[in-house]
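# Observations on chain architecture
Listed here are the chains, written in short residue letters.
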Amino acid sequence: MERSGKKMILKPIQISKKLDGNGGEEAMLLSPASRMFHEPDYNVYVLAIMGWKIPIDVDSMKVVLQSKMLKHPRFSSLQVMDETDGGRNMRWIPTTVNIDDHIIVPQIAHNNLDTDKLVEDYISSLSTTTVDMSKPLWDFHVLNVKTSHAEATSVFRIHHSIGDGTALMSLLLSCFRTISDPNSLPTLPISSSSKNKSNLSSNKKSIHLDRDGSTSESLMWQYLVKLWLFIKLLFNTVVDVLLFIATALFLKDSQSPFTATRGYKSSTRQRYIYRTVNLDDIKFIKNLTNATVNDVVVGITQATMSRYIHRRYEVEGKRKFPLDGMRCRANVIVNLRPALGVQAISEMIEKNVPVIQGNSFGFVIMPLTIAQFSNPLDYVRKSKTLMDRKKHSLESLCTFYALQLFIKFFGFKGAAKLAQRVPFQTTLAFSNVIGPVEEISCAGHPLVFVAPTCSGYPTGIMVHVCSYAKKLTFAIAADEGIIPDLNQLGDDFVDSFMLIKEAALTKLRTKVD
């Protein structure tokens, strides 16, 4: 066992060549990306923070976890070091799981203290600890304390080596049922990429049906358009990949309240807050600006950062730091594996078919606009232009394969260094997860919100966005030494959203008049 700062790091268990003890087939290897998450400075956990409408009945939750989660081999297997290749790789070894070892119910004596602060402190303490490697790398924390957000809170902590966010979300939702129909599984909304693919296929069918002369001309124009889009895609990809390489080597963002100062040593403790806004209002802004939900979410994030930086740097009416020309970028984690859907995952679990097959993700470096606009809708317009540009690039795929090459030539330590370097050079990490469209419950417990986030990710601040029914939650994780007033930053997300919404309503009224 080694000590790194305040955090205890357990060395993986080592195994000999006979991995299953019965002379059978060797246990499955961890995927390269999953193995990378075991490097000392890249030991990342996914935290699914969930709020509930009623206090949690621990025994009923145990039954659900036992019947659903433990059927999946990733949640009932150890991750052990393989001695046969010099300890380079790790393998999944099935084990017997005692569910009580994974359910943690701390005794929190609030004594009329601020329960929101007590829950925040407890969740923050999880960033300083890890799950014992002698058991499957997950645990479930139950906090039966009423807060301003919910009657009870739970935290599902899962080591990132088990799977990526999209797969884990679908697996988690397989434990839930819709409130309107307790026998129905939750459903996830269809992504825009899937809609575009279906539209494209229908357009192709209509072209084949029409064989007159005008179709030949239209086909010629389509080929020209496709050639232009291909050239544009190639150019954008080359530019993005070069900027990614420059970022990994030397290109660092401008100094701001969100970035660490030179010589600053990252704290092992992170703090977490979450704020929820109305998803229907987000869609209203989306429709009015001819944008997407992601465009609006990025616009709100830009407005929030601009608001926070302006306040921190404004002293007696004089700006200490110029906002114009400020380099501020988000390191966006992009999942590359298509979502299977909750129904498919539930069926696979019942048939004992492995659902999660490791991690598959790439990075996208996304520049953010830090400015003060008189019209808050300009933040959404800027983000739409930015996102439209990023959609015509293969940056995420290229960075994924670059990471695989680093693993091959420089090992897991070299790849982990690259994966750490990019977040360190940028201002914040950003990720979004699609949640269910209906209100759902687990073991008779209605869910209020879900706020996924991470601990151990090498960045000063991280923003996760997750939709649920008619709500959208911003979960913000920050190194407590960088953002001293994290709750104020959370309030800035809500205030920025309200300003953009009000600007949208004003624009609508103007159109009507």
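Scroll up a little and you will see the structure.
Residues numbered from 1 in each chain as written. Predicted model: local features only at pLDDT ≥ 70, side-chain atom pairs only at ≥ 80, totals over all residues. Heavy atoms only, no water.

## Description of the overall build of the chain
- Scanning the chain for helices and strands turns up 12 helices and 20 strands.
- Buried residues in the chain amount to 50% of all 513 residues.
- Looking at the chain alone, contacts between residues at least 24 apart form 80% of all its contacts between residues at least 6 apart.
- Summed over all atoms, the accessible surface of the chain reaches about 24600 Å², with 57% contributed by carbon and sulfur. (Helix = DSSP H or I, 4+ residues; strand = E, 2+ residues; numbered from the N terminus. Buried < 20%, exposed > 50% of the residue type's maximum accessible area, 1.4 Å probe, protein only. Contact = heavy atoms within 4.5 Å. Areas by Shrake-Rupley, 256 points an atom, 1.4 Å probe, with all protein chains shown as cover.)

## Quick word on a nonpolar patch on the surface
- A contiguous nonpolar surface patch, about 1200 Å² in accessible area, is contributed by Val-225, Leu-227, Trp-228, Leu-229, Phe-230, Ile-231, Leu-234, Val-238, Leu-242, Ile-245, Leu-249 and Phe-250.
- Relative to the assigned elements, Phe-250 resides in the loop between helix H6 (213-249) and strand E11 (270-278). (Patch = residues over 30% accessible without salt bridge, like charges linked within 9 Å, V, L, I, M, F, W, Y side chains within 5 Å. Salt bridge = Lys/Arg side-chain N within 4 Å of Asp/Glu carboxyl O.)

## Concerning helix H2 (residues 58-67)
- For H2, the full list of buried residues reads Val-58, Ser-60, Met-61, Val-64 and Leu-65. Down the axis, H2 shows its buried residues gathered within 160° of arc, on one side only. Facing away from the buried side of H2 by over 90 degrees, the exposed positions are Asp-59 and Val-63.
- At its buried positions, H2 is contacted by strand E4 (45-52), strand E7 (103-104), strand E8 (138-143), strand E9 (152-159), strand E17 (440-442) and strand E18 (445-455). (Arc of directions from axis to C-beta.)

## So, the pairing of strand E20 (residues 471-479)
- Of all nine residues that make up E20, eight are buried, and the element is covered over most of its length.
- Bridging between E11 and E20 involves nine bridges; their strand directions are antiparallel. Pairing of Asn-278 across the sheet is with Lys-471, part of E20.
- Taken together, the eight bridges between strand E19 (residues 461-468) and E20 define a ladder with antiparallel strand orientation. Residue pairing in the sheet places His-464 in a bridge with Ala-475 of E20.
- Linking E19 to E20, which pair antiparallel, is a turn of two residues; within it Ala-469 sits at a positive phi near 55°. (Pairing = 2+ DSSP bridges.)

## As for the nonpolar core
- By size, the foremost hydrophobic cluster in this structure holds 48 residues, and its most contacted members are Phe-474, Ile-476 and Leu-489.
- If one sorts the elements of this core by residue count, helix H8 (residues 293-313) sits on top with nine residues.
- In this structure Leu-489 touches Phe-258, Thr-304, Tyr-308, Ile-461, Ile-476 and Ile-483, once residues within four positions along its chain are discounted. (Core = buried A, V, L, I, M, F, W, Y, C linked by side-chain atoms within 4.5 Å.)

## A word on the sheet that holds E18
- Overall, mixed pairing links the seven strands, which are arranged E7-E8-E9-E4-E18-E17-E10 in an open sheet. Each edge of the open sheet is held by one strand with a lone partner, namely E7 and strand E10 (177-178).
- For E8 and E9, the ladder comprises six bridges, and the chain directions are antiparallel. Bridging from a neighbouring strand, Phe-140 pairs with Phe-156 of E9.
- Against the sheet, helix H3 (residues 115-125) makes contact with E4, E7, E8 and E9, and its axis sits at roughly 165° relative to E8, the strand it touches most.
- Of the strands in this sheet, E4, E9, E17 and E18 touch helix H4 (residues 165-173), which is tilted by about 35° from E4. (Axes fitted to C-alpha atoms, helices over the stretch in contact; angles between N-to-C directions.)

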